[in-house]
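Coordinate analysis (summary)
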Amino acid sequence: MTEEAQRPFVVPCRPLQLSAPWRWLAAGWRDVRRAPRLTAVFGAVIVLVSAAVSALAWELGRFALLALLLSGFVYVAPLIGVGLYSVSCALIAGREPRLRDSFTVARRVMGQAGIFALMQLVIILIWSRAGMMLTAFVPVDPGDHRALLEYLAIGSLIGAAFAAFTFAVSVVSLPLIAQRDVDMVTACVSSFNAVLRNKPVMLLWGAIIVVLTVIGFATVVGLGLVMPWLAYATYHAYRDTLDASDWPLQEGAAG
C-alpha cells in the first residue's frame, strides 16, 4: 500500500484543556511582538479591505452586487490569513519572516483557498435564503411583540447553527493546508472532527474570537491589530489541536 493510502481519513486531533485558548492567545501575541512590521503591513491591508467592502456595500445596496462583492472578499480573506500563518510558521522555524514568503504560500494554496471560498459562499447564500424563508413563514404584524420575539428567537437559532458550522469547518483547516500537503475537504472534515471532540474548548475559543472581533470592528483601526493577533493564535491552535505528522510538510514549513 502507498503511504497516502495508509493515512487516516481525517487528521487525528488531540484532547485539549480548557486553558488552551489563553495559551494560543499568548503565543499569538508573542508573534505580534516578534514581527511588528509584517503585522502592521497585514493589519493595514485588513483595515483597508474591510473599509472598502463596508463602503461599497453601503453604497450599492443591491443584493446581486453585494453578493459579488462578498464573494470576492470571501476569497481574499483566506489568502490574507494564510499569509499571516506563514509568519508564525517562520518564527517557529527560527527564521526571519518575510513578506515574500507569505506571497509564496498564498500562491501555493490559491486553489485550495478557492474551494474554501466557494464553500463559504454557498453557506452564506443558503443562510441568506433561510432568512428569506423565515420572513415568509413567520410573518410579524406591526405591534405583535410576541410574534416579533418568536421571529427573533428562531432567526437567532438558525443564524447560530450556520455560524457554528462555519466555525467548525474553518477553525483549523486553513492553517493545516498552509503547513501540510492536505486537500481542502480533508482539512475541513478534520477541523469539524476536532471541534466535535473538544467542544468546551472550541466553544470558549469561538467566544473569544467573537469578542475580540467585535472590539476590532468597534474601533475600526483595532482590526489591524486584532485580526493578525487572532491569525497567529489560530496557527498555534492548529498545531496544538491536530497531529498532522502523517502528511508531508509544504516547502519551507516548520514541523
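The coordinates are above.
About the thresholds
- Residues numbered from 1 in each chain as written.
- Predicted model: local features only at pLDDT ≥ 70, side-chain atom pairs only at ≥ 80, totals over all residues.
- Heavy atoms only, no water.
- Phe/Tyr/Trp six-rings, centres within 6.5 Å; stacked < 30°, edge-to-face > 60°.
- Helix = DSSP H or I, 4+ residues; strand = E, 2+ residues; numbered from the N terminus.
- Buried < 20%, exposed > 50% of the residue type's maximum accessible area, 1.4 Å probe, protein only.
- Salt bridge = Lys/Arg side-chain N within 4 Å of Asp/Glu carboxyl O.
- Patch = residues over 30% accessible without salt bridge, like charges linked within 9 Å, V, L, I, M, F, W, Y side chains within 5 Å.
- Areas by Shrake-Rupley, 256 points an atom, 1.4 Å probe, with all protein chains shown as cover.
- Core = buried A, V, L, I, M, F, W, Y, C linked by side-chain atoms within 4.5 Å.
- Contact = heavy atoms within 4.5 Å.

A few words now on the packing of aromatic side chains. In total, this model carries five aromatic pairs according to the counting rule given. Each ring, one from tryptophan 24 and one from tryptophan 205, has its centre 5.3 Å from the other, and the planes form 85°; the classification is edge-to-face. One end of the pair, tryptophan 24, is in helix α2 (residues 20–34); the other, tryptophan 205, is in helix α10 (residues 199–219), with 181 residues separating them in the sequence. Judged by its relative accessible area of 1%, tryptophan 24 is buried. For the pair phenylalanine 165 and phenylalanine 192, a centre-to-centre distance of 5.9 Å together with 55° between the ring planes defines the contact as tilted.

Summed over the entire model, instances satisfying the criterion amount to two salt bridges. Between arginine 98 and aspartate 101 there is a salt bridge; the shortest N-O distance is 3.0 Å.

Turning to a nonpolar patch on the surface, a few remarks are in order. Nonpolar side chains collect at one region of the surface, where Val41, Val45, Leu99 and Phe103 lie side by side and expose about 310 Å² of accessible area between them. Looking at the nonpolar patch, the elements that each hand over two or more residues are α3 (36–60) and α5 (99–108). Along the chain, valine 41 turns up in helix α3.

Moving on, we get to the nonpolar core. With 52 residues, the main nonpolar core has Trp24, Leu25, Leu176, Trp205 and Leu242 as its most contacted residues. Broken down by secondary-structure element, the contributors of at least two residues to this core are α2, α3, α4 (63–92), α7 (145–170), α8 (173–179), α9 (184–197), α10 and α11 (223–241). Among the elements that take part in this core, α11 stands out by supplying nine residues, more than any other. Filtering out sequence-adjacent residues up to four positions away, leucine 25 remains in contact with Trp205, Ile208, Leu212, Trp229, Leu230 and Ala233.

Okay, the environment of glycine 83 next. Among the structural elements, glycine 83 can be located in helix α4. Owing to a relative accessible area of 1%, glycine 83 belongs among the buried residues under this scheme. Along the primary structure glycine 83 and serine 102 are separated by 19 residues, whereas in three dimensions their C-alpha atoms are 4.3 Å apart.

Everything listed here is a matter of geometry and, on its own, says nothing about what the molecule does.
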